[in-house]
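Working through the structure, step by step
The chain contents come next:
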Amino acid sequence: MRQELMSLPKTLAEDVARNLVMVARLIDEDPEQAYAYSRIALRLASRVAAVREAAGFAAYATQKYAEALAEFRAARRMTGSVELWPVMADCERGLGRPERALAMAGEPEVQKLDKAGQVEMRLVAAGARRDMDQLDAAIVTLQSPELASNSVQPWTARLRYAYADALLAAGREDEAREWFAKALESDKDGTTDASDRLAELDGVEFVDAFAEDAEDAEDEADDAEESVRGKDEQAAGAAEGVADEAGDTGADVDAVEDADGGDGERRGGAER
């Protein structure tokens, strides 16, 4: 990529590089933001293959499959590489065209892929079979020397996981459990949720401690609010009682004053 960017003016190359770095940094955590950065890079240097490829992956991550496929095709035209062939086929799946993905799996380009690319193509083909409700064919597609191998490669966990998932969909639960366990064993980076799938098969339920803490905090807040509300109501009631007593006292005073006044008048009349 650096060599491709060297064909650009220095300032432009730096701007493009900064945006591509942000795409790579955000594509897993915030794909929409990564996509936005990819569009900036694409606007700045649309004739650079690395930019088209990055734009394709950003669009793919946000499920904009038609756009992703167009970018991947452009990158392939520029480089002549078949490296993007599997992800291009997966875009066809995303567009609801699994038959095209299967057709691509049988093209000569697949033989030019490295081992990782061929495994990826096998995963895409199996997915296309499942899209077409050909579950048994999907299982057969995944059966390969790479699946049977005891050596752990970067693709091993995903291949075993896909096989286990297909077996489970076919109702072969015991075999599925075995392969989910194998997927977990080879998944050192946690790229799959094989542990969760195994737990589901074993009937284990996980409790979200954070969710429980949040619920407890919310309950405590509600209790505190009710307590404050109760105290406010008590204070208001007490204030109302005081006001009533004050009113009664005022009435008594008026009555006393009226009585005193009457007595005065009576006393004045007697004196007269």
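Data block above holds the structure.
Report on the accompanying structure.

Cut-offs used in this document
- The residue numbering used here restarts from 1 in each chain and proceeds along that chain's sequence as written.
- It should be noted that, the model being predicted, local features are given only for residues of pLDDT at least 70 and side-chain atom pairs only at 80 or more, the latter also being counted only at that level, while totals for whole chains, interfaces and linings use all residues.
- Based on all heavy atoms of the structure, the side-chain values leave hydrogens and waters out of the count.
- For the purposes of this entry, the term helix denotes a DSSP run of H or I that reaches at least four residues, the term strand denotes a run of E that reaches at least two, and both are numbered from the N terminus.
- Buried, partly exposed and exposed residues are distinguished by accessible area as a fraction of the type maximum, computed with a 1.4 Å probe on protein chains only: under 20%, between the cut-offs, and over 50%, respectively.
- Only heavy atoms matter for contacts: two residues are in contact if any of them lie within 4.5 Å across the pair.
- Surface accessibility in these figures is a Shrake-Rupley result with a 1.4 Å probe; residues are shielded only by whichever protein chains are displayed.
- A fitted line through C-alpha atoms serves as each axis, taken over the contacting stretch for helices, and the angle formed by two N-to-C directions is quoted from 0 to 180°.
- Roughly parallel refers to an angle under 35 degrees, roughly antiparallel to one over 145, roughly perpendicular to one between 65 and 115, and oblique to any angle outside these ranges.
- Basically, the charged four are Asp, Glu, Lys and Arg, the nonpolar ten are Ala, Val, Leu, Ile, Met, Phe, Trp, Tyr, Cys and Pro, and anything else, Gly included, counts as polar.
- This arc describes the spread of directions from the helix axis toward the C-beta atoms.
- Crossing handedness is read from the near helix: turned anticlockwise from the far helix by less than a right angle, it gives a left-handed crossing, and turned clockwise, a right-handed one.
- Here, a salt bridge means any Lys or Arg side-chain nitrogen found within 4 Å of an Asp or Glu carboxyl oxygen.

Before going further, it helps to examine the overall build of the chain. From N to C terminus, the chain includes 14 helices and 0 strands. Here the chain, with 272 residues, has 32% of them falling under the buried criterion. Sequence separation of 24 or more characterises 49% of the internal contacts of the chain that already satisfy a separation of 6 or more. Element-wise, carbon and sulfur atoms account for 48% of the exposed surface of the chain, whose accessible area totals about 16,900 Å².

Axis angle and axis distance: for two packed helices, these are the angle between their axes and the distance between the axes, and together they describe the pair. As a packed pair, helix 8 (residues 115-131) and helix 9 (residues 135-142) sit with axes 7 Å apart at the nearest point and diverge in direction by 170 degrees. Relative to helix 9, the element helix 8 is oriented roughly antiparallel. Residues R122, L123, A125, A126, R129 and R130 of helix 8 lie in contact with helix 9, whose contacting residues are L135, A137, A138, T141 and L142. Within the contact of helix 8 with helix 9, the residues separate by chemical class into 7 nonpolar, 1 polar and 3 charged.

Bringing helix 9 into the picture now. Turning to helix 9, its buried residues are A138, I139, T141 and L142. Projected onto a plane normal to the axis of helix 9, the buried residues spread over an arc of 160 degrees and lie on a single side. Facing away from the buried side of helix 9 by over 90 degrees, the exposed positions are D136 and V140. Packing partners of the buried residues in helix 9 comprise helix 8, helix 10 (145-148) and helix 11 (156-169).

Further remarks concern the environment of Q33. Here Q33 is to be found in helix 3 (residues 31-44). Exposure remark for Q33: the relative accessible area of 35% places this residue in the partly exposed category. Along the primary structure Q33 and M22 are separated by 11 residues, whereas in three dimensions their C-alpha atoms are 8.7 Å apart.

This brings us to unusual backbone geometry. One non-glycine residue, Q63, lies in the positive phi region at around 65 degrees. Here Q63 is to be found in the loop between helix 4 (49-61) and helix 5 (65-79). Judged by its relative accessible area of 58%, Q63 falls in the exposed class. Although it is not a glycine, D133 adopts a positive phi angle of roughly 60 degrees. Inspection of the secondary structure assignment puts D133 in the loop between helix 8 and helix 9.

For the pair helix 2 (residues 10-26) and helix 4, the least separation of the axes is 11 Å and the interaxial angle reads 30 degrees. Put simply, helix 2 runs roughly parallel to helix 4. Between helix 2 and helix 4 lies a crossing whose hand is left-handed. For the pair formed by helix 2 and helix 4, the contact residues are V16, L20 and V23 on the first element and V51, A54 and A58 on the second. Taken together, the residues of the contact of helix 2 with helix 4 break down into 6 nonpolar, no polar and no charged.

Quick look at the pattern of salt bridges now. In total, this model carries 17 salt bridges according to the counting rule given. Across the pair D131 and R93 runs a salt bridge, and its minimum N-O distance is 2.7 Å. In this pair, D131 is assigned in helix 8 and R93 in helix 6 (residues 85-94), connecting sequence segments 38 residues apart. You can call D131 partly exposed: its relative accessible area is 38%. Judged by relative accessible area, which is 25%, R93 ranks as partly exposed. Taking the shortest distance from any N to any O, the salt bridge between E120 and R158 comes out at 2.8 Å. Taken together, the positions of E120 in helix 8 and R158 in helix 11 put the pair 38 residues apart, joining distant regions of the chain. Its relative accessible area of 26% is what places E120 among the partly exposed residues.

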